[in-house]
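Residue strings, one per chain:
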Amino acid sequence: MTSYGGIGAAAARPSPLSALNTSSSNNTSIMGSGGAEDSNNYTVLNPSVDGFKWRLLLSYDGTHYKGWQFQQTPPTIQCILENALTQATKLERKDLHLVGASRTDAGVHAWGQVAHFVTPFNYDCLDSIHAALNGLLPPDIRVREISAAVREFHARFSAKRKTYHYKIYNDAIMDPFQRLYAYHITHKLNAAVMREAANHFIGTHDFSAFVNSSRNDGMPNPVKTIFRFDIIEMGALLQLEVEGSGFMYRQVRNMVALLLQIGKEAIPPDCVPKILATRNRRELAKYTLAAPPHGLCLVVVKYNEEHLRLPLGCPTASLGRHHSISKCKFTMGSAFLNEPSNTMGKTEFPGIQQKILEVMHP
C-alpha cells in the first residue's frame with residue numbers, strides 16, 4: 001500500500017481504504033455544551049464532507065494568543081494550527097474542517113484540548129505527519145497525540161465531560177515561575193469555606209447567572225451538570241478543579257471569582273445557591289467580576305468509548321518518536337597498537353600506545 005504520510009501527502013492518491021463519511025446527525029447547528037471561555041458562535045457544519053477524520057490531542061500556553069477561535073490578528077491557536085496543517089497536508093483551510101472541543105478564551109491554557117480535521121486521503125503511518133506538525137508549530141503549541149477517528153466522532157459535540165483547573169498562588173510574594181499560570185492573591189484565603197461554597201455548584205443547575213454575554217451568542221442551553229468541584233491545597237498553590245458536562249462563556253472564571261470572595265470571607269458560602277436561583281448575571285456582578293484568564297487550564301475532555309475506537313484498517317496512533325544515537329565501536333588498528341609510526345607514540349605522543357593498551361587490557 002502506498003504511504004501518504006509526510007508533508008507531501010496531499011499529492012498522493014487516496015488510499016484504497018474506504019473513506020470516512022463525516023456526515024452524521026452532528027452536522028447541523030447544535031447548541032451544545034461548548035467549552036469554558038467559548039464564544040458560543042455555533043455554525044452549521046457542511047453535511048456532505050467526505051474524507052478521513054483525524055483526532056488531535058493538544059497542549060498550549062495561551063499567554064500570547066487571542067484564544068482558540070480563528071482570527072489572524074492577533075493570532076489564535078486555531079489560526080496557528082491551521083497554518084501548520086495546510087503546510088503539512090497541502091490542503092486549503094476550508095478543506096480541513098478543523099474543530100476544537102473548547103474555544104478557550106484569550107490567555108487560557110490547555111493541557112488536554114482535543115480537535116479533529118479531515119483529509120481526502122489516508123495515512124499508512126502517522127509518525128511523519130505528527131513530527132511535521134510539531135516542527136511547524138511554535139514551541140508553546142504541541143500536538144501530543146494524533147490518531148484516526150471514526151466518522152461519528154466530533155471533537156466538540158461528542159464531548160461528554162470537561163475538566164478545568166484554576167490555579168491561585170496564595171502568598172505575600174508571587175513565585176515568578178508561576179506568574180503566567182496562577183492568579184496571585186495576597187489576602188489569606190479560607191479554603192474550608194471555599195469548599196463548602198463549591199459544593200453548592202455540584203449537580204444540575206441553570207448557570208445563567210454565571211455566564212457573560214457575547215456578541216456571537218446564539219441560544220446556548222444554560223443548564224449544565226457539575227460532577228465535582230475540588231479545592232486542593234499544595235503549599236501556597238491552591239488548585240480549583242471542576243468537572244462538568246460543559247461550560248459556557250466565562251462560566252468557570254465567574255464561579256472561581258465568587259469562590260475567591262467567599263475565601264476572603266467577604267460573603268458567606270450560602271450566597272451561591274441564592275445567586276444561582278436568580279438566573280441573572282447582574283446579580284453576580286454585585287459581588288465580583290470574572291477571574292483573570294491566565295490561571296485557567298483545560299485539562300481533560302472525555303468521550304464515550306465508542307467515539308474513541310479506531311476505524312478498521314487505520315494506522316496506529318502516534319505519540320511522537322524518540323530519537324537515539326547510534327553507538328560506535330572504538331577500534332584501533334594493529335599497526336597503531338603493535339607497530340607505531342615514527343611520529344605517533346614515539347616522538348610527538350610518547351607513552352600513548354602503552355596507555356591505550358592499559359585501557360583496553362587492564
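Residues numbered from 1 in each chain as written. Predicted model: local features only at pLDDT ≥ 70, side-chain atom pairs only at ≥ 80, totals over all residues. Heavy atoms only, no water.

Description of the nonpolar core
Right, so step 1: Residues F201, F210, L240, M255, L258, L259 and I262 are the most contacted members of the largest nonpolar core, which totals 81 residues.
Right, so step 2: Ignoring anything within four residues of it in the chain, the contact list for L259 reads M194, A197, A198, F201, F229 and L240. (Core = buried A, V, L, I, M, F, W, Y, C linked by side-chain atoms within 4.5 Å. Buried < 20%, exposed > 50% of the residue type's maximum accessible area, 1.4 Å probe, protein only. Contact = heavy atoms within 4.5 Å.)

What to know about the confidence of the model for the protein chain
Right, so step 1: With 75% of its residues at a pLDDT of 70 or more, the protein chain shows a mean pLDDT of 83.
Right, so step 2: Confidence over residues 38–48 falls short of pLDDT 50; this stretch has 37 contacts with residues more than four positions distant or in other chains.
Right, so step 3: Predicted confidence for residues 340–347 stays below pLDDT 50, and this span has 12 contacts to residues more than four positions away or in other chains. (pLDDT = per-residue confidence, 0-100.)

Some remarks on helix α3 (residues 127–136)
Right, so step 1: Buried residues of α3: I129, H130, A132, L133 and N134, and no others.
Right, so step 2: If you follow the buried residues of α3, they end up packed against β2 (50–60), α1 (77–89) and β5 (141–149). (Helix = DSSP H or I, 4+ residues; strand = E, 2+ residues; numbered from the N terminus.)

What to know about the pattern of salt bridges
Right, so step 1: Throughout the structure, instances matching the rule amount to 14 salt bridges.
Right, so step 2: One salt bridge in this structure joins E82 and R93, with 2.3 Å as the shortest N-O distance. Taken as a pair, E82 in helix α1 and R93 in helix α2 (residues 93–96) lie far apart in primary sequence, 11 residues in all.
Right, so step 3: With a relative accessible area of 3%, E82 lands in the buried category. (Salt bridge = Lys/Arg side-chain N within 4 Å of Asp/Glu carboxyl O.)

Notes on the packing of aromatic side chains
Aromatic rings in a pair are described by how distant their centres are and how their planes are angled relative to each other.
Right, so step 1: Under the counting rule described, the total for this entry stands at 8 aromatic pairs.
Right, so step 2: Between W54 and Y123, the ring centres sit 5.4 Å apart and the planes meet at 70°, which makes this aromatic pair edge-to-face. With a gap of 69 residues between them, W54 in strand β2 and Y123 in the loop between β4 (109–119) and α3 connect regions that are remote in the sequence. Here W54 matches Y123 in class, with each residue buried.
Right, so step 3: Seen in terms of ring centroids, F207 and F210 are 6.5 Å apart; in terms of plane orientation they differ by 70°. Their pairing is edge-to-face.
Right, so step 4: Seen from the ring of F70, R93 lies directly overhead, with NZ or CZ sitting 3.6 Å from the centre.
Right, so step 5: The cationic tip of R144 hangs over the ring face of W111; the distance from NZ or CZ to the ring centre is 3.8 Å. (Phe/Tyr/Trp six-rings, centres within 6.5 Å; stacked < 30°, edge-to-face > 60°. Lys NZ or Arg CZ within 6 Å of the ring centre and 35° of its normal.)

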